[in-house]
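Report on the structure
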Amino acid sequence: MKQIQVIEVQPQGYCGGVLKAISIAKETRAKYPLETITLLGNLVHNKYVKQALELENIKTIENKNKTRLELLDEIDQGIVIFTAHGVAPNIKEKALKKGLKIVDASCPFVVQTQKIIQQKIQDGYEILYIGKYKHPEAESIYTMDEHVHLIQDQTIPKLDTEKVFVTNQTTMSIYDIQELFRAIKQAYPKAEFHDEICNATRVRQQAVLDLQGQGIDALIVVGDPTSNNTQKLLETGQQAQIPIGIKIQDINELDPNDLKDAKKVAVTSGASTPTFLTKQIIRAIENQDYSHHDIPIKQIL
Ligand code: SF4
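Below you will find a few notes about this structure.

Basis of the calculations
- Residues numbered from 1 in each chain as written.
- Predicted model: local features only at pLDDT ≥ 70, side-chain atom pairs only at ≥ 80, totals over all residues.
- Heavy atoms only, no water.
- Helix = DSSP H or I, 4+ residues; strand = E, 2+ residues; numbered from the N terminus.
- Rg over C-alpha atoms; globule rule 2.2 N^0.38 Å.
- Buried < 20%, exposed > 50% of the residue type's maximum accessible area, 1.4 Å probe, protein only.
- Contact = heavy atoms within 4.5 Å.
- Areas by Shrake-Rupley, 256 points an atom, 1.4 Å probe, with all protein chains shown as cover.
- Salt bridge = Lys/Arg side-chain N within 4 Å of Asp/Glu carboxyl O.
- Phe/Tyr/Trp six-rings, centres within 6.5 Å; stacked < 30°, edge-to-face > 60°.
- Lys NZ or Arg CZ within 6 Å of the ring centre and 35° of its normal.
- Pairing = 2+ DSSP bridges.
- Axes fitted to C-alpha atoms, helices over the stretch in contact; angles between N-to-C directions.
- Arc of directions from axis to C-beta.

Some words on the overall build of the chain
The helix and strand tally for the chain stands at 10 helices and 12 strands. What you see for the chain is a C-alpha radius of gyration of 21 Å, in line with the 19 Å of a compact globule of 301 residues. Overall, the chain is about 65 × 55 × 30 Å in size when its C-alpha atoms are taken along their principal axes. For the chain, buried positions account for 53% of its 301 residues. The long-range share in the chain, meaning contacts at least 24 apart out of those at least 6 apart in sequence, stands at 72%. By element, 49% of the accessible surface of the chain is carried by carbon and sulfur atoms, the whole surface being about 14,100 Å².

Okay, here's the thing in structure tokens:
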């Protein structure tokens, strides 16, 4: 049997924002054992976390074709929990008008970005916000005010002012953001820049970039398809010149054929990926055991 050397890229497991959001949800259930509790969207981007919360009788409503404001129409009673990705002020207002109890599990780093942007709007700036359309964190910001303009690529809007403030979603690529900052600087030489990539995203991407030149044949990124920081880790693997990039949610999605020529494999995970899933993958590769594995949902939270 061919032995594969597995490098566990650090850090792994939940970031501080995800840990906080999960503990807020659990504390809310403990405090209100009989209340209907509904999450306005996925608390964090991981389907197993969603399933584990269902075991706590916390329901998630999600619909990728609806904004969070529209989704709120589906909650008519009890407690609504706002997710780690943050929430626009008009959603809070609408929830209160509906008579719902509000619990806010927004990550403090997202809240910080929102506050900086709100201050800059008050100071008369136009905001160029680099983020992903329909991602809940970006949506909570680009729906906030007409002075916020979403930037997704090198297409930069023409604004009738030099008073421009540039910032970004917390989970963008440290590599891409510098390229976009350069392009915006050319269009608006007097623009102010504020890089808001959070530390959890930054250190995970840097750890993958540091793999360059270490003879890694494949990078496995463990995380949910909807997780932006997971996707950015995969792209960072390409920037680190790692020949094969594989993104999976759990061991059962791993195709052993993808590793048939690999001798050295690195494994990393998104900031909302339960450590259990990553460890399960590492053990399976080390033991060359690609049989079906059960995912014990109770161990996820
Ligand atoms: S990835 Fe960053 S912004 Fe997102 S929840 Fe974690 S710490 Fe907060």
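From this point, the discussion proceeds with the structure in view.
Points about the pattern of salt bridges
This structure, assessed with the given rule, holds 11 salt bridges. Among the salt bridges present, the one from Glu-62 reaches Arg-68, with a minimum N-O distance of 3.6 Å.

Side note on the packing of aromatic side chains
For the coordinates displayed, the defined rule picks out 3 aromatic pairs. With centroids separated by 6.5 Å and ring planes inclined at 80°, the aromatic side chains of Tyr-125 and Phe-165 adopt a geometry described as edge-to-face. One end of the pair, Tyr-125, is in the loop between α5 (108–122) and β6 (126–130); the other, Phe-165, is in strand β8 (residues 164–168), with 40 residues separating them in the sequence. Just as Tyr-125 is buried, Phe-165 falls in that class too. Measuring from centroid to centroid gives 5.9 Å for Tyr-133 and Tyr-142, while their planes differ by 25°, and the two rings are stacked. Lys-120 extends its terminal NZ or CZ atom over the ring of Tyr-125, reaching a point 4.6 Å from the ring centre.

Structural notes on the sheet that holds strand β2 (residues 37–40)
Strands in a sheet are paired, the pairing made by backbone hydrogen bonds, and the direction either parallel or antiparallel. A sheet is described by the order of its strands in space; here 4 strands give the open sequence β3-β2-β4-β5, paired in parallel fashion. Of all the strands in the sheet, the pair left with one neighbour each is β3 (58–61) and β5 (101–104). This sheet shows a mean twist of 30° between the axes of neighbouring strands, independent of strand direction. In the sheet, β2 pairs with strand β4 (residues 79–82) via 4 bridges, with the strands oriented parallel. Its bridge partner lying in β4, Leu-40 is registered against Phe-82.

What about helix α8 (residues 199–209)?
Residues of α8 that are buried: Ala-200, Thr-201, Arg-204, Gln-205, Ala-207 and Val-208. What you see down the axis of α8 is that its buried residues fit within an arc of 155°, all on one side. The secondary structure elements touched by the buried residues of α8 are α7 (174–187), β10 (218–222), α9 (228–239) and β12 (264–269).

Description of the sheet that holds β10
Across the sheet, 4 strands lie side by side as β1-β12-β10-β11; this open sheet has parallel pairing. Strand pairing shows two members of the sheet lacking a second neighbour, β1 (5–8) and β11 (244–248), which therefore form its edges. Each strand axis lies, on average, 25° off the axis of its neighbour in the sheet, ignoring direction. Most of the contacts of helix α10 (residues 275–287) go to β1, to which it runs at about 160°, and overall it touches β1, β10, β11 and β12.

Geometric descriptors of this kind do not, in isolation, establish any biological role.
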